[in-house]
Amino acid sequence: MHSNLVLVSLLADQSSPYCEQDRKMDVNSIRDAFDRVAKKQKLSYSKTQEVIDQITQEISGSIEKIQNAHNSDSRSDYKALLADLKTKIKEMAPLTLLEGTQKDLNVALSKYSKPLEKSFNPDISKAYRNVDLDTATVNYVIASHFYRQGLFDIGDCFVTEAMEPESIASIRSPYVEMYQILEAVKSRNLEPALKWATSNCSKLTANGSDLIVKLHQMQFVEILQRGNRDEALKYARIHLAPFASDHLVEIQKLMGCLLWAGRLEQSPYPDLVSPANWDKLAEELTRQFCGFLGQSFESPLGVTVAAGFQALPPLLKFMNVMWGKKQEWQSMKQLPIPVELDDEFQFHSVFVCPVSKEQATDDNPPMLMPCGHVLCKQSIVKMSKNLSKPFKCPYCPTDIDSNLCKPLCF
């Protein structure tokens, strides 16, 4: 039940980017098989049409002969003509003519099912690894995903079935608040969003976000669009003036809009009333709200599933080769093959030690040397004779004291 809920949610969430790009797979073999079927089908159709045309031509000829012989009123002539038509069609052997192309089409169709089965119904259990998971943590992640997506009924159902309402209940209420604000924004009611942004103004400023200014600007435009020039000017003096030092250009633009009250679509600034502005506002609000909760803008579970979906095909190919070494696969700490993921799944930079040519890991982190160059820890240990002697930086003439090397955040 739990896994079904998760899959339904992930597949149904069309707003997530991974629903755009999480369906990519290698379809070359399927395309080639389809092209072969299409080619055989065209040949079969062409041959069938050719045979039908021949039969039609013979029948039309016989009908014409029968009509010409009508005046003689001789049934023997009719019978002779029909017998002659039957003989010609029999000699033509239409079924034999169609048998070859139809057989080729049937063969192509039977082969077409194999790449379909391989690509769309693979045995993904081959890529499974025995991993000890903390059930409580997994349940927390799944419940968070549902609440993060606004699927509160499904989330409540999951929490009840997982029998962990106490440990997960605390994550529900913040998302309820977020979606109440977002629903208000969809209705072009900015009051809840402004109230939330005002109460979190210091945090937004610390994050470098100008969300509160955007909200006030949008509210100003809404007032002005209703034709209330005086009310809009009063609102600007109270709520926009404090931000003039950092947003002077935007505020000057809004002041120019006062001349176009009620008809901003005809003004030099029609972009201010674009529906896209509301979508961007809702996205920024969601991003900041999730950030305050210590969550990423995208659902962590959704991103994980999307990345796993993209990595699954090469893993399955690898496991088909290594099926006899399943135990070795279970004990590997790193993937033995490169798995390329799209840019949206690149969250951290990758450092490769210029000396050892190996990628940095938690056990072998990048180390900043006093000269400013960076090497992996194991390279520094080796070059310094197990941290006992100074060594020369391979990129500059500086003598390096290994004790002064500092690990970088990784």
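Residues numbered from 1 in each chain as written. Predicted model: local features only at pLDDT ≥ 70, side-chain atom pairs only at ≥ 80, totals over all residues. Heavy atoms only, no water.

Quick look at unusual backbone geometry
Next up, step 1: Not every positive phi belongs to a glycine, and Lys 385 is a case in point at roughly 55°.
Next up, step 2: Secondary-structure assignment places Lys 385 in the loop between helix 18 (377-383) and strand 3 (391-392).
Next up, step 3: Given the relative accessible area of 54%, Lys 385 is considered exposed.
Next up, step 4: Positive phi outside glycine occurs at Leu 387, with the angle close to 65°.
Next up, step 5: Relative to the assigned elements, Leu 387 resides in the loop between helix 18 and strand 3.
Next up, step 6: Classification of Leu 387 by relative accessible area gives partly exposed; the value is 40%. (Helix = DSSP H or I, 4+ residues; strand = E, 2+ residues; numbered from the N terminus. Buried < 20%, exposed > 50% of the residue type's maximum accessible area, 1.4 Å probe, protein only.)

What about the nonpolar core?
Next up, step 1: Ranked by size, the top nonpolar core spans 48 residues in total, and within it Tyr 147, Leu 190, Leu 215, Phe 220 and Leu 224 carry the most contacts.
Next up, step 2: For this core, the secondary-structure elements that each account for two or more residues are helix 6 (135-148), helix 7 (152-162), helix 9 (172-186), helix 10 (191-199), helix 12 (211-225), helix 13 (229-240), helix 14 (248-256) and helix 15 (276-292).
Next up, step 3: Sort the elements by how many residues they give to this core and helix 12 lands first, with 9 residues.
Next up, step 4: Listed in part, the 12 residues of the second largest apolar core include Leu 375, Phe 391, Cys 396 and Cys 405. (Core = buried A, V, L, I, M, F, W, Y, C linked by side-chain atoms within 4.5 Å.)

Points about the sheet that holds strand 2 (residues 374-376)
Next up, step 1: Strand order across the open sheet formed by 3 strands is 2-1-5, with antiparallel pairing between neighbours. The strands lining the two open edges of the sheet, one partner per strand, are strand 2 and strand 5 (406-407).
Next up, step 2: In this structure, strand 1 (residues 366-368) lies alongside strand 5, joined through 2 bridges in antiparallel fashion. Paired with Met 367 across the bridge in strand 5 is Pro 407. (Pairing = 2+ DSSP bridges.)

Regarding the packing of aromatic side chains
Next up, step 1: Here the structure, examined in full by the defined rule, presents 6 aromatic pairs.
Next up, step 2: A ring pair is formed by Trp 196 and Phe 289, whose centres lie 5.1 Å apart and whose planes are at 20°; its orientation type is stacked. Placement of Trp 196 in helix 10 and of Phe 289 in helix 15 is noted, with a sequence separation of 93 residues between them.
Next up, step 3: Residue classification places Trp 196 among the buried residues on the basis of a relative accessible area of 8%.
Next up, step 4: Taken together, the ring pairs in this structure connect Tyr 147, Phe 152 and Tyr 179 into an aromatic cluster.
Next up, step 5: The side chain of Arg 148 reaches across the aromatic face of Phe 297, ending 5.8 Å from its centre. (Phe/Tyr/Trp six-rings, centres within 6.5 Å; stacked < 30°, edge-to-face > 60°. Lys NZ or Arg CZ within 6 Å of the ring centre and 35° of its normal.)

Digging into a nonpolar patch on the surface
Next up, step 1: The grouping of Val 131, Leu 133 and Val 138 at the surface amounts to a nonpolar patch, some 260 Å² of accessible area in total.
Next up, step 2: Note that Val 131 resides in the loop between helix 5 (94-120) and helix 6. (Patch = residues over 30% accessible without salt bridge, like charges linked within 9 Å, V, L, I, M, F, W, Y side chains within 5 Å. Areas by Shrake-Rupley, 256 points an atom, 1.4 Å probe, with all protein chains shown as cover. Salt bridge = Lys/Arg side-chain N within 4 Å of Asp/Glu carboxyl O.)

Points about the environment of Glu 344
Next up, step 1: Among the secondary structure elements, Glu 344 is positioned in the loop between helix 17 (326-331) and strand 1.
Next up, step 2: Judged by relative accessible area, which is 35%, Glu 344 ranks as partly exposed.
Next up, step 3: Measuring from C-alpha to C-alpha, the distance between Glu 344 and Ala 307 comes to 9.3 Å, with 37 residues separating the pair along the chain.

Overview of the pattern of salt bridges
Next up, step 1: Throughout the structure, instances matching the rule amount to 10 salt bridges.
Next up, step 2: Between Lys 214 and Asp 210 there is a salt bridge; the shortest N-O distance is 3.5 Å.
Next up, step 3: What makes Lys 214 partly exposed here is its relative accessible area of 34%.

Considerations on the side chain of Gln 310
Next up, step 1: Structurally, Gln 310 is set in helix 16 (residues 300-321).
Next up, step 2: Engagement of the side chain of Gln 310 in a polar contact is seen with the backbone nitrogen of Asp 342, the distance being 2.9 Å. (Polar contact = N/O pair within 3.5 Å; in protein donor to acceptor, adjacent residues only side chain to side chain.)

Considerations on the environment of Ser 356
Next up, step 1: Structurally, Ser 356 is set in the loop between helix 17 and strand 1.
Next up, step 2: Along the primary structure Ser 356 and Cys 376 are separated by 20 residues, whereas in three dimensions their C-alpha atoms are 8.0 Å apart.

So, the packing of helix 6 against helix 9
Next up, step 1: Two numbers describe how helix 6 lies on helix 9: the axes approach to 9 Å, and their chain directions differ by 15°. Judged on the interaxial angle alone, helix 9 and helix 6 are roughly parallel. In terms of crossing hand, the pair formed by helix 6 and helix 9 is right-handed. In this structure, helix 6 uses Ser 144, Tyr 147 and Arg 148 to contact helix 9, whose residues at the interface are Arg 172, Tyr 175, Met 178 and Tyr 179.
Next up, step 2: When its residues are assigned to classes, the contact of helix 6 with helix 9 shows 4 nonpolar, 1 polar and 2 charged. (Axes fitted to C-alpha atoms, helices over the stretch in contact; angles between N-to-C directions. Parallel < 35°, antiparallel > 145°, perpendicular 65-115°, else oblique. Left-handed = near helix turned anticlockwise from the far one by under 90°. Contact = heavy atoms within 4.5 Å. Nonpolar A, V, L, I, M, F, W, Y, C, P; charged D, E, K, R; others polar.)

Concerning the confidence of the model for the protein chain
Next up, step 1: Per-residue pLDDT for the protein chain averages 83, and the proportion of residues at 70 or more is 86%.
Next up, step 2: Between residues 3-12, whose pLDDT stays under 50, and residues either more than four places distant or in other chains, the model counts 15 contacts.
Next up, step 3: Below a pLDDT of 50 lies the segment residues 14-25, which in the model reaches 26 contacts outside its immediate sequence neighbourhood of four places, other chains included. (pLDDT = per-residue confidence, 0-100.)

Let's talk about helix 7
Next up, step 1: Within the span of helix 7, buried status applies to Phe 152, Gly 155, Phe 158, Val 159 and Ala 162. With its buried residues spanning 120° around the axis, helix 7 presents them on a single face. Along helix 7, the residues that are exposed and aim more than 90 degrees away from the buried face are Asp 153 and Thr 160.
Next up, step 2: Of the residues flanking the end of helix 7, it is Met 163, one or two places downstream, whose phi is positive at about 55°. (Arc of directions from axis to C-beta.)

Some thoughts on the environment of His 216
Next up, step 1: You can see His 216 is positioned in helix 12.
Next up, step 2: Remark: the alpha-carbon pair of His 216 and Leu 194, spanning 22 residues in sequence, is separated by 7.6 Å.
Next up, step 3: Contact partners of His 216, with chain neighbours within four places excluded, come to Leu 194, Tyr 235, His 239, Leu 240 and Phe 243.

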